[in-house]
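Next come the chains, spelled out residue by residue.
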Amino acid sequence: MVFQFCKGNHLHKPVGCFDCNLWQMYPFYHLMLIANMFIVRDIPCGTKGGVMIFFDKIEVVNRLRKEYVYDTLLNYGVTYDKTWIYDKIHHEINQFCSSHTLQEVYTDMFDQIDEQMKEAIQADCTRYAPGIEIIGVRVTKPTIPATIARNYERMEEERTKVLIAIEKQKVLEKEVETQKKMAVTEAEKDAHVSKIVMAQKLTEKESIKMQQEIENEMYLARERSLADSYFYKVMKEAEANRLKLTPEYLELRFIEAIANNTKMFFGDKVPNMIFDQRLLGNFLTGTLRSMPKQSEKLTQ
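The following paragraphs examine the structure supplied in this document. As the structure is a computational prediction, the values presented were derived from the model and not from experiment.

The number of helices and strands found in the chain is nine helices and six strands. Counting only contacts in the chain whose residues sit at least 6 apart along the sequence, the fraction spanning at least 24 positions is 67%. Total accessible area on the chain is roughly 22,000 Å²; 57% of this is exposed by carbon and sulfur atoms.

In this structure, Asp42 takes a positive phi of about 50° despite not being glycine. Secondary-structure assignment places Asp42 in strand E4 (residues 36–46).

Two strands pair when backbone bridges link them, and E4 and strand E5 (residues 52–64) are joined in this way by 10 bridges, in the antiparallel orientation. By the bridge assignment for E5, Arg41 is matched with Lys57. By the bridge criterion, seven bridges tie E5 to strand E6 (residues 132–139) in an arrangement that is antiparallel. Pairing of Ile58 across the sheet is with Val139, part of E6.

Here we take up the sheet that holds E4. Ordered by their spatial adjacency, three strands build an open sheet running E4-E5-E6, and the pairing between neighbours is antiparallel. With one partner strand each, in any of the chains shown, E4 and E6 form the two edges of the open sheet. Each strand axis lies, on average, 30° off the axis of its neighbour in the sheet, ignoring direction. Packed on one face of the sheet, helix H3 (residues 80–98) meets E4, E5 and E6 and runs near 35° to E4.

Among the secondary structure elements, Pro44 is positioned in strand E4. C-alpha separation for the pair Pro44 and Phe55, spaced 11 residues apart in sequence, amounts to 6.4 Å. Here Pro44 is in contact with Met52, Ile53, Phe54 and Asn94, once residues within four sequence places are set aside.

Aromatic ring pairs: the centre-centre distance and the angle between the two ring planes describe each pair. Inspection of every chain in the model, using the stated rule, returns three aromatic pairs. Geometrically, the ring pair formed by Phe38 and Tyr86 is edge-to-face, given 6.3 Å between the ring centres and 70° between the ring planes. Here Phe38, found in strand E4, pairs with Tyr86, found in helix H3; they are 48 residues apart in sequence, far enough to count as distant. With a relative accessible area of 30%, Tyr86 lands in the partly exposed category. Plain terms: the ring middles of Tyr76 and Trp84 are 5.4 Å apart, the flat faces sit at 85° to each other, and that makes the pair edge-to-face. On the basis of relative accessible area, Tyr76 is assigned to the partly exposed category, the value being 25%. Judged by relative accessible area, which is 12%, Trp84 ranks as buried. Through a chain of ring-to-ring contacts, the aromatic side chains of Tyr76, Trp84 and Tyr128 assemble into a single cluster. Positioned over the ring face of Tyr106 is Lys141, at 4.6 Å from the centre of the ring. A cation over an aromatic ring shows up here: Lys141 above the ring of Phe110, its NZ or CZ 4.3 Å from the ring centre.

Thresholds applied
Residues numbered from 1 in each chain as written. Predicted model: local features only at pLDDT ≥ 70, side-chain atom pairs only at ≥ 80, totals over all residues. Heavy atoms only, no water. Helix = DSSP H or I, 4+ residues; strand = E, 2+ residues; numbered from the N terminus. Contact = heavy atoms within 4.5 Å. Areas by Shrake-Rupley, 256 points an atom, 1.4 Å probe, with all protein chains shown as cover. Pairing = 2+ DSSP bridges. Axes fitted to C-alpha atoms, helices over the stretch in contact; angles between N-to-C directions. Phe/Tyr/Trp six-rings, centres within 6.5 Å; stacked < 30°, edge-to-face > 60°. Buried < 20%, exposed > 50% of the residue type's maximum accessible area, 1.4 Å probe, protein only. Lys NZ or Arg CZ within 6 Å of the ring centre and 35° of its normal.

What follows is the structure, encoded as structure tokens:
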């Protein structure tokens, strides 16, 4: 807070604190240096298309720098804010509206008006009144003719319907995509299960095959063992028979065979036939000759 006093028609340097003597001698102006809000109401302006609209309220937050108090008041007086804020707001908002259509002012570029107003006012203040700092500008939605407002309401309704339809379409597409992903996941799961089942069946087949091979090997080993045993038995029997087939043994077997055949013979030559030593010798000789051949056949 500063106190600016006048002496006669002359403005003096501001003082930083209250002085009772000066207060009694000269008139003072009380200035707040904190940020304050200047409100401009009922601003009419015409758009590029000729439609008259009204801004109910525009708020401007500003601040006067302490070091520029004297120069600002000296140049523009105590009502400096009317010159550089109130009048400037009217001018800048009309400039903006006259260069843009109603659609741009009311809808398309409405979110940019605050920043453009702030930059335009600050630019002139920086050039001509540098002590004034524009902190922010807030513009309310303009009032437009009732017929046009109804058209905008209908447009908003249609836009809302379109947005709802778009959102429904997105939901449907999302559901289709989800179903597709679920189908792919299900197919992948079935393929994985089928692969596992196939691997299990292959493992079972391999196990059965190995078991069959083991049984076949066991059977072959058993049959080979039986064949070897039988061959060994036959060889031993043949070897035993070869050792038994001596002339004495053969003569004994011949006599036993003759003795076992109980037959009656009549005639003068019966004794000669039975006890003919040459016949017995021929029999033994033929038997002994055939034994090596039988042994070779058995060996083969």
